[in-house]
Amino acid sequence: MIYHIYPLSFFDSNNDGFGDLRGIMLKLDYLKELGVDAIWLSPIFLSPGADCGYDISDYYTIDPKFGTIDDFRKLREEAHHRNIKVVLDMVLNHTSNKHPWFIESASDKKSLKRDWYIWKPGKENRKPNNWKTAFGGSCWEYHKGTGQYYLHSFLKEQPDLNWRNKEVRKEMFRMLRYWLEEGVDGFRFDVINFIVKDKKLRNNSFLHWMNSSRKLRTRNHPRSYKIIRSLRKLLDKYPDKMSVGEIYTLPPGDAKLSASYLANGENSLHLAFDFSLIFTSWNARAYYKVIDRWQKSIPEKGWPCNVFSNHDLLRFYNRSRFGFFKKEKARIIALLLMTLRGTPFLYYGDEIGMKNSSVPLGKMKDKLGKKYWPLYKGRDRSRTPMQWNSYPNAGFSVAEPWLPVDKNFAEVNVESQKENPDSLLTFYQHLIMLRKSSAALHRGNWIALNNGSGNLMAYMRTTADEQILVLVNFSPFAKHYIYPLKSMDKLLLSTHKSSLGKTFHSKINLRPFEGLVFKLNEKE
Ligand code: NOJ
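Residues numbered from 1 in each chain as written. Predicted model: local features only at pLDDT ≥ 70, side-chain atom pairs only at ≥ 80, totals over all residues. Heavy atoms only, no water.

1. Some points on the sheet that holds strand β14 (residues 445-448)
Overall, antiparallel pairing links the five strands, which are arranged β14-β15-β16-β20-β18 in an open sheet. Looking along the sheet, the strands with just one partner apiece sit at the ends: β14 and β18 (490-494). Within the sheet, the average angular offset between the axes of one strand and its neighbour, ignoring direction, is 25°. On top of the sheet, helix α9 (residues 326-339) reaches β15 (456-462), β16 (467-473), β18 and β20 (515-519); it is set at about 155° to β16, its chief contact. (Pairing = 2+ DSSP bridges. Helix = DSSP H or I, 4+ residues; strand = E, 2+ residues; numbered from the N terminus. Axes fitted to C-alpha atoms, helices over the stretch in contact; angles between N-to-C directions. Contact = heavy atoms within 4.5 Å.)

See the structure below:
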């Protein structure tokens, strides 16, 4: 199970209002107890912070907000000591505009680093083509100094590197080797499907916003796959390293496209995100459809991963599709995440049911919300400080946190849920333990027993020696499912504690929003 930490918001060890590496270190025992196998840290490198760290100005230096390289080493050591792996977020598509490479590139048209970024002559107010950034607006920024445009797929403070340039590739691979030698266990590659663009910079078709991203000339270029193959080759030179690619597709959830980045499962990314589950509305049939599509897209030797929340797409807990019964639904999401086939990615705070906060405009840090998409209210909502206890600032920091803590912290926090056998946190702990103790849940097949009709989902996870049956009632009404349970079959877990110890027969009754996990053919 991979736990995604947004370092700015996890735990502040030096009371400056920002989470840091020592803070993460101090919470490793909590993570161990939860059952975490690896932590993925959103970027921790030196950054001016235009995009909260996704704009890197030095890939070799830890941003002082987070600590020093010694802090990083200590964290890695302490994590490894507890058998927790450390995965770093690597932004290869672009740098910060404050990176010395860009500064040099922008200094002169004849600069040796000019070709490290994507420059195009053009008149002011006449953009080189119609490409749009992922955040909206043109991909081109006019640079008065040299009278040319440069390309940026995200903010203008994030110029795209030119991956067709050999020197760029060499330098980036050198940097990745550095971190591998530092003992990191893998990388989450940011927007890796953006890495190569159409060489001729041809326009996207007129309706490109409505087009599938397969047709965009700014993404999924055949050469991206080639680069990913060499990234994998590099990782394979070291024992036991992993990679997960952020493959953001338009429309969201093009599972086949995400899965194409797993190639044959051996010479590409180890894992690729498919965000379909995040965009699925609450009913069993809709969930079945995206799960089935994702599972069927995975190559024979590949392996899926599953994700329900992240720092960009907000938390599942109170996304509008959840409507009423959020608490019940959060338990079902936990159950799905830990019983579906694929590596689970859990976003910090989801295990206690942290919700998307409402961050007032004046306190917003994410430019996307503040400046570009004010109605959308930005991504800060899912980046608020971790709620550790009911003390001021939720125990995150003694100083004023960089983003306000959600108002519900007195009820929703780790400390209050830790000792409570009915809490979401305890439920996650049980589920994760269960997953670890069951080969079928951990690495078995996924076999759908129905297609989600009747708002109930039924599936099996199986290996040669073990069969697990999972039933999930998505509806606010009681349901039943017919399955010839034998007397040896055993209920392992329910979202509703009161079901434990009950005897089930072939007509399995489920209460509203109940999920059940059975082990079949259990010897008495
Ligand atoms: C994806 C990251 O998850 C997001 O936070 C960031 O803004 C963009 N990539 C650009 O790096």
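2. Quick word on the environment of Glu-411
By secondary structure assignment, the location of Glu-411 is in the loop between α10 (367-372) and α11 (414-418). Each C-alpha atom of the pair Glu-411 and Gly-452 lies 34 Å from the other, and the pair is 41 residues apart in sequence.

3. Quick word on the site of the ligand
Neighbouring residues of the ligand: 14 residues in total, closest Asp-51, His-94, Asp-190, His-311 and Asp-312. Asp-190 has a polar side-chain atom sitting 2.7 Å from an oxygen atom of the ligand. His-311 has a polar side-chain atom sitting 2.8 Å from an oxygen atom of the ligand. In terms of residue class, the shell around the ligand is made up of four nonpolar, three polar and seven charged. (Near = heavy atom within 4 Å. Polar contact = N/O pair within 3.5 Å; in protein donor to acceptor, adjacent residues only side chain to side chain. Nonpolar A, V, L, I, M, F, W, Y, C, P; charged D, E, K, R; others polar.)

4. A few points about the sheet that holds strand β11 (residues 271-272)
With respect to topology, eight strands assemble into an open sheet ordered β11-β10-β9-β5-β2-β1-β13-β12, the strand pairing being parallel. Every interior strand has two partners, whereas the edge strands, β11 and β12 (305-307), have only one. Bridge count between strand β1 (residues 2-5) and strand β2 (residues 38-41): four bridges; the pairing is parallel. Across the sheet, residue Ile-2 finds its bridge partner in β2, namely Ala-38. Where α9 meets the sheet, its contacts fall on β12 and β13 (343-347), and the angle it forms with β13 comes to roughly 145°.

5. Comments concerning a positive patch on the surface
Judged by side-chain charge, Arg-177, Lys-226, Arg-229, Lys-233 and Lys-237 come together as a positively charged surface patch. Top element by residues in the positive patch is helix α6 (residues 222-236). It accounts for three residues. (Patch = residues over 30% accessible without salt bridge, like charges linked within 9 Å, V, L, I, M, F, W, Y side chains within 5 Å. Areas by Shrake-Rupley, 256 points an atom, 1.4 Å probe, with all protein chains shown as cover. Salt bridge = Lys/Arg side-chain N within 4 Å of Asp/Glu carboxyl O. Lys, Arg positive; Asp, Glu negative; His and termini not counted. Charge placed at Lys NZ, Arg CZ, Asp CG, Glu CD.)

6. Focus on the packing of α9 against helix α12 (residues 424-437)
Orientation of α9 relative to α12, taken along the N-to-C sense of each, is 15°, at an axis distance of 9 Å. Taken together, the axis directions place α9 and α12 in an arrangement best described as roughly parallel. Crossing geometry of α9 relative to α12 is assigned as right-handed. Contacts between α9 and α12 involve Ala-330, Arg-331, Ala-334, Leu-335, Leu-337, Met-338 and Thr-339 on the former and, on the latter, Leu-424, Phe-427, Tyr-428, Leu-431, Ile-432 and Arg-435. Taken together, the residues that form the contact of α9 with α12 break down as ten nonpolar, one polar and two charged. (Parallel < 35°, antiparallel > 145°, perpendicular 65-115°, else oblique. Left-handed = near helix turned anticlockwise from the far one by under 90°.)

7. As for the environment of Arg-232
As for its position among the elements, Arg-232 is in helix α6. Residue classification places Arg-232 among the buried positions, given a relative accessible area of 10%. In sequence terms Arg-232 and Met-242 are ten residues apart; their C-alpha atoms lie 8.6 Å from each other. If we ignore the near neighbours within four places in the chain, the residues touching Arg-232 are Gly-265, Glu-266, Asn-267, Ser-268, Leu-269 and His-270. (Buried < 20%, exposed > 50% of the residue type's maximum accessible area, 1.4 Å probe, protein only.)

8. Details of the pattern of salt bridges
Enumeration over the complete set of coordinates arrives at 31 salt bridges. Two residues, Asp-70 and Arg-73, come together in a salt bridge whose shortest N-O distance is 3.6 Å. Of this pair, Asp-70 and Arg-73 both sit in helix α3 (residues 69-81), three residues apart, which is roughly one turn of the helix. A relative accessible area of 30% means that Arg-73 is categorised as partly exposed. We note a salt bridge from Asp-198 to Arg-202, for which the minimum N-O separation is 3.0 Å. One salt-bridge network, held together by shared partners, links Asp-51, Asp-312, Asp-366, Arg-379 and Arg-383.

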